[in-house]
Amino acid sequence: MREVMPELLSWWKAGATVGVGTVVATWRSAPRPAGASMLVGPGGEAVGSVSGGCVEGAVYELASAVVADGAPVLQRYGVSDDDAYAVGLTCGGILDVFVEKVSRETFPELGGVAEDVEAGRPVAVATVIDHPDPGWLGRRLVVRPEGAELGDSGSLGSSRADDAVTDDARGLLAAGRTETLTYGPDGERRGEGMRVFVSSFAPRPRMLVFGAIDFAAAVAHMGHFLGYEVTVCDARPVFATASRFPSADEVVVQWPHRYLEAERDAGRVDGRTVVCVLTHDPKFDVPVLEVALRLPEVAFVGAMGSRRTHEDRLARLREAGLTEDELRRLSSPIGLDLGARTPEETAVSIAAEIVALQWGGLGDRLAHREGPIHHHTGTAGEPPQVAAGVGRGTGGGAGT
């Protein structure tokens, strides 16, 4: 939804009605993740994508029909072995798409949600996508962190359901996760029948790059491309300049370990943060790695350097008192073995390692492997009652 928010908000402000199809669950090799959205504008414009082209035409027609009759639809798209080029995913994946109409009347809270997203404030939108009572479909609840200034929040239909979903959505929002949750019809935690899609709009995850060298400029550019909020930090003001790092959101002149300590103490480092130490100078990298490897939550800590530099660095970190468990968190030498030579190629190598660790990838060539190309996609096992080709969505749990 974040990708299409500007167009959606523009039509919403103009009082138009828009058809919106959103991926709410995926299995196997589905091409787009949960949260990917496609719009059908008031003039028939198509914006965004739910499958990279596989089922866009079918979703377009369904969204147009939903705008006309107003009833939300949960649709499942799969693939049939007998008719692989029917309306479905020829890649072999399965996805559920929730199609609804969005307007000022159906989603009055959208303006406030868009303001939060634009300002970088965390906010989640919980939508009922499956329920025994069709009247619940499409009901929405806007969830913000506890203690945050509250705007219009809506309701799912009962205080019990609102309370249960609010608690769970705040947990997903804190982790930056988008997911479909299952409850009983009135929000009972151990029941089934109601599925609620929680779309989390968390601030961008952070990439902290230490060392204002030429490799850092390429890594900052790659981090920006991947959607990170990128900070480059170095103690040397002659090198740490905004002109040398145009892709960085922030360039800081500070000793790296002092900056990281301050960010940790301010609560600006979380489980999505990646730390790339590129100085390969012990007076800079050892102190900052002491801090980074002791952080309670961080997604990745990597350091550049040769094998000899790595062994020397480990010895210095052990002398500083780091444990073997803490040292095992360090990815060094940083990056996957791509045979990289240039700063740009090295940045691709580093980004590839970060992505592989995030999603459980193996880093080998897909052409030399058998089986699914995506790791840990969707829920374990198969979706409930999956029919060949295209079918209506059914109850049961679903992940992303």
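That block above? That's the structure.
So, a few notes on the structure that sits alongside this text. (Residues numbered from 1 in each chain as written. Predicted model: local features only at pLDDT ≥ 70, side-chain atom pairs only at ≥ 80, totals over all residues. Heavy atoms only, no water.)

**Quick word on the overall build of the protein**
Our working rule: Elements are defined by DSSP. Helices are runs of H or I of four residues or more, strands are runs of E of two residues or more, and each kind is numbered from the N terminus. Throughout this description, buried means an accessible area under 20% of the type-specific maximum (1.4 Å probe, protein chains only), exposed means over 50%, and partly exposed covers the range between. Should any heavy atoms of two residues lie within 4.5 Å, those residues are considered in contact. Using a 1.4 Å probe, accessible areas were evaluated by the Shrake-Rupley method; residue-level cover was limited to the displayed protein chains.
Broken down by element type, the protein carries 10 helices and 17 strands. For the protein, with 400 residues in total, the buried portion stands at 48%. If you take every contact in the protein between residues at least 6 apart in sequence, the share linking residues at least 24 apart comes to 60%. When the accessible surface of the protein is totalled, it reaches about 18,700 Å², and 50% of it is carbon and sulfur.

**A word on the side chain of Thr 346**
Tracing the chain through its elements places Thr 346 in helix α10 (residues 343–359). On the accessibility criterion, Thr 346 (14% relative accessible area) is buried. Residues within four places of Thr 346 in sequence aside, it is in contact with Phe 215, Met 304, Ala 340 and Arg 341.

**Observations regarding the sheet that holds strand β10 (residues 194–201)**
Heads up, the condition is: Should DSSP find at least two bridges between two strands, the strands are regarded as paired.
Taking strand neighbours across the sheet as the criterion, the 5 strands line up as β8-β7-β6-β10-β9 in an open arrangement whose pairing is antiparallel. Of all strands in the sheet, those bounded by a partner on one side alone are β8 (154–155) and β9 (179–183). In this structure, strand β6 (residues 123–130) lies alongside strand β7 (residues 140–143), joined through 4 bridges in antiparallel fashion. Looking at the pairing, Thr 127 lines up with Arg 140 of β7.

**Concerning the layout of surface pockets**
Applicable threshold: Cavities and pockets are defined on a 1 Å grid built over the protein atoms alone: a cavity is a set of grid points where a 1.4 Å probe fits but cannot escape, while a pocket is an open set with protein on both sides within 12 Å along at least five of seven lines, and lining residues are those with an atom within 4 Å of any such point. Grid points are joined across faces, edges and corners, and a volume is the space filled by probe spheres set on the points. In this classification, the charged set is Asp, Glu, Lys and Arg, the nonpolar set is Ala, Val, Leu, Ile, Met, Phe, Trp, Tyr, Cys and Pro, and all remaining amino acids, among them Gly, are polar.
In this structure, the second largest pocket encloses a volume near 390 Å³. Lining the second largest pocket are 16 residues, with Gly 305, Pro 333, Ile 334, Leu 336 and Ser 349 positioned closest to its centre. Of the residues in the lining of the second largest pocket, the class split is 7 nonpolar, 6 polar and 3 charged.

**Quick word on helix α7 (residues 282–292)**
Listed as buried for α7 are Phe 284, Asp 285, Val 286, Val 288, Leu 289, Val 291 and Ala 292. Structurally, α7 contributes buried residues whose contacts are with β11 (206–210), α6 (256–265), β14 (274–277), β15 (300–303), α8 (307–319) and β16 (330–331).

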